[in-house]
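Report on the structure
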Amino acid sequence: MTEPIVRVSGLTKVFRSYRREEGLAAALKSLVRRVQTEIAAVSDVTFVIEPGEMVGYIGANGAGKSTTIKMLTGILTPTSGEIVCNGFVPDRDRTRYVATIGVVFGQRTQLWWDIAVVESFKLLKEIYGVSDEDYRRRMALFDTVLGINAYLHQPVRKLSLGERMRCDLAASLIHRPPLLFLDEPTIGLDIVAKANVREFLQEINRKEGTTVLLTTHDLSDIETLCRRVIVIDHGRLLFDGPLASLRDRILPVTSVVFDVKRAPEAVELRFNGLQAREIASHRYAVDIDRRAISAASAVKEIVNRFEVTDLMIEEPQIEEVVKRIYREGIA
Amino acid sequence: MNAIAVRPAMSFARIGFLNMLAYRARYYVGVLTYLFNVAVYYFIWRAVFRHSPTVVGMTLPQMITYVAVGWTIRSFYFNEIDRDIAGQVQEGRLAMNLIRPVNFQTVMVFDAAGQSAFRAALFTLPIGIVIALLFPVQPPASIAALLMFLVSAVVSFFLVAALNFLVGLIAIRTKSILGILRAKYLVLEVLSGLIIPTTLFPQPFRSILFASPFPHINYTPAALYLGKVTGAEAGRLLFLQAAWTVLLLGLGQIVWRRSQHRITIQGG
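Numbering of residues begins from 1 in every chain and follows the order in which that chain's sequence is written. For this description, chains carry letters from A and ligands carry numbers from 1, given in the order in which they are written. pLDDT decides what is reported in this predicted model: residues at 70 or higher carry local features, side-chain atom pairs at 80 or more are listed and counted, and totals for whole chains, interfaces and linings draw on all residues regardless. The side-chain figures draw on all heavy atoms in the structure; neither hydrogens nor water molecules are used.

A few words on the pairing of strand β3 (residues 54–58) of chain A. All names here are of chain A. The buried fraction of β3 is high, at 5 of 5 residues. With burial as the criterion, each face of β3 is covered, one bearing Met54, Gly56 and Ile58 and the other bearing Val55 and Tyr57. Criterion used throughout: strands pair if DSSP finds at least two bridges between them. Working definition: helices are DSSP H or I runs of at least four residues, strands are E runs of at least two. Numbering for both runs from the N terminus. In this sheet, strand β7 (residues 211–215) lies alongside β3 in parallel orientation, the contact comprising 4 bridges. Opposite Tyr57, over in β7, you have Thr215 as the bridge partner. Relative to strand β8 (residues 228–233), β3 runs parallel, the two sharing 4 bridges. Partly exposed describes any residue whose relative accessible area lies between the buried limit of under 20% and the exposed limit of over 50%, with all areas from a 1.4 Å probe on protein chains only and scaled to the type maximum.

Now the structure itself:
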């Protein structure tokens with residue numbers, strides 16, 4: 001058994017802030033005494049990641065994804081709990097630790113805004129002490145997969161979001177880090193750019209064994225990249241496991257969609273504990289819980305009762321799964 | 001304490017230099033501002049000297065030179081590390097400096113050094129020449145005075161950088177330091193000896209001031225240029241200037257280390 005590359009236990013981050021009351025009197029009072037409020041952005045999160053894994057870290061807005069990433073990258077100090085990444089405690093050994101990781105925040109750039117991209121790369125080369133030879137090889141790889149040479153001589157502010165993201169990804173990997181953190185790496189990108197970014201990540205993971213932890217709102221990122229997902233909500237860990245079992249656990253529901261010649265009466269729509277709902281004219285859907293009834297017997301039931309002209313079975317989409325988690329939590 | 005890695009540090013200086021090239025309008029406005037300031041103080045001092053031939057042991061040409069030298073080196077040592085850090089805190093860009101394996105103070109100081117190197121060549125030098133042509137400025141008192149002045153002006157940069165770094169760190173706690181920045185500019189211009197020579201202050205205020213780092217920003221290099229201080233006294237001032245710089249840079253490291261756990265990155 002290899003040593004995990006990321007080990008997080010009991011991780012908690014509490015933000016303290018001062019409540020601002022309305023009105024002049026309250027404002028004056030706050031000069032003397034301020035009301036402190038505490039918000040636990042992340043509470044008691046525990047997981048480990050093995051080398052070479054690609055893990056999706058998902059949750060609704062404000063669930064605590066970014067806060068977790070910021071603690072894992074040494075930017076924020078945990079209120080309590082422990083983190084060990086690459087053998088370092090991130091906030092304690094920050095300077096040495098960050099030399100061994102790559103980080104991309106989709107909403108920001110780590111490149112210098114007003115100067116040519118290539119100057120940023122040259123600076124990063126010096127910071128990480130990359131040799132001339134390695135640098136050349138690295139840049140060649142980035143150009144083959146990401147095609148960055150086309151805009152190396154432009155300042156970052158003149159790049160499109162997709163171009164900028166490609167450069168940022170390249171920048172985060174210039175020193176061949178074994179561990180890569182991505183916070184919303186595909187946010188705002190068009191389909192082509194997204195596909196390009198995903199391909200690149202797959203290639204880096206396959207060829208260099210780079211371990212990747214990524215947060216995203218785009219679940220097709222997760223579906224193409226990650227076999228394992230961690231779901232957090234309101235700062236708490238809800239689920240940690242394979243994507244498929246998340247789907248089974250949350251939505252063990254398959255829909256049978258069928259078309260009919262003659263529209264049935266409302267009373268006919270409820271049968272044997274199943275409920276058909278109209279989704280279009282002459283088209284109905286029945287959601288079945290496969291723990292209770294098999295898809296085959298549900299189809300038989302439907303065919304017996306209605307004059308079916310067409311029928312299809314739909315597996316739940318991961319989007320649906322996650323929407324349901326965000327809405328209802330995990331039972 | 002982290003040893004400063006020279007190559008990355010110089011790379012940050014290079015970035016600072018390149019950044020300065022990005023905005024031209026600011027450059028031209030800057031030149032005019034300095035000329036205007038020197039002109040204003042030139043006329044003020046001329047009026048003052050109408051009533052007495054010397055003020056605190058300085059003649060009118062010396063005082064004009066003091067003002068001109070002061071503003072000229074200000075164009076070099078000036079930096080906005082504090083405003084920069086405050087902006088990083090407010091916009092959450094600070095995170096980007098934290099994910100790099102380089103000491104934050106090194107990054108900020110050398111980035112500013114690159115900007116100052118740019119200023120020295122393309123800003124301070126032309127300003128100095130234009131001022132020398134427009135106003136009756138005296139040459140340095142001696143070769144030794146000139147050399148000591150140059151060294152002192154460079155140390156001034158690091159002294160101001162160390163101070164501004166500390167001021168910038170306040171933003172980590174308070175988020176906004178706009179008020180502090182405005183106050184700092186006013187106070188520093190007076191206390192550094194830029195607007196009036198520090199020796200003009202009455203006792204005991206003058207002694208208190210000379211026990212602080214502030215006069216070393218502007219008074220010390222200007223006095224060295226004029227030859228107002230020489231020999232052992234010059235050495236003492238240079239030593240004090242350097243000692244304050246090292247002390248404040250060290251203090252910056254300590255405060256930075258203590259502030260880090262208070263960082264909250266806004267947004268994202």
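Residues and elements named next belong to chain A. Read across the open sheet, the 5 strands follow the order β11-β12-β13-β10-β14; overall the sheet is antiparallel. In this open sheet, the two edge strands, each paired with only one partner strand, are β11 (270–271) and β14 (308–314). In the packing of helix α10 (residues 295–305) onto the sheet, contacts are made with β10 (253–260), β11, β12 (274–280), β13 (283–289) and β14, and the angle to β14 comes to roughly 160°. Should any heavy atoms of two residues lie within 4.5 Å, those residues are considered in contact. For helices, the axis comes from a line fit to the C-alpha atoms of the stretch in contact; other axes are also lines fit to C-alpha atoms, and the angle between any two N-to-C directions lies between 0 and 180 degrees.

Cis geometry marks the peptide bond from Gln203 of chain B to Pro204 of chain B, where omega comes out at 0°. Mapped onto the elements, Pro204 of chain B comes out in the loop between α8 (178–191) and α9 (205–210). Its identity as a non-glycine residue notwithstanding, Asp44 of chain A has a phi of 55°, on the positive side. Summarising the element assignment, Asp44 of chain A is placed in strand β2 (residues 35–49). We note that Asn86 of chain A has phi near 50°; this positive angle belongs to a residue other than glycine. Within the element layout of this structure, Asn86 of chain A appears in the loop between β4 (80–85) and α3 (94–97).

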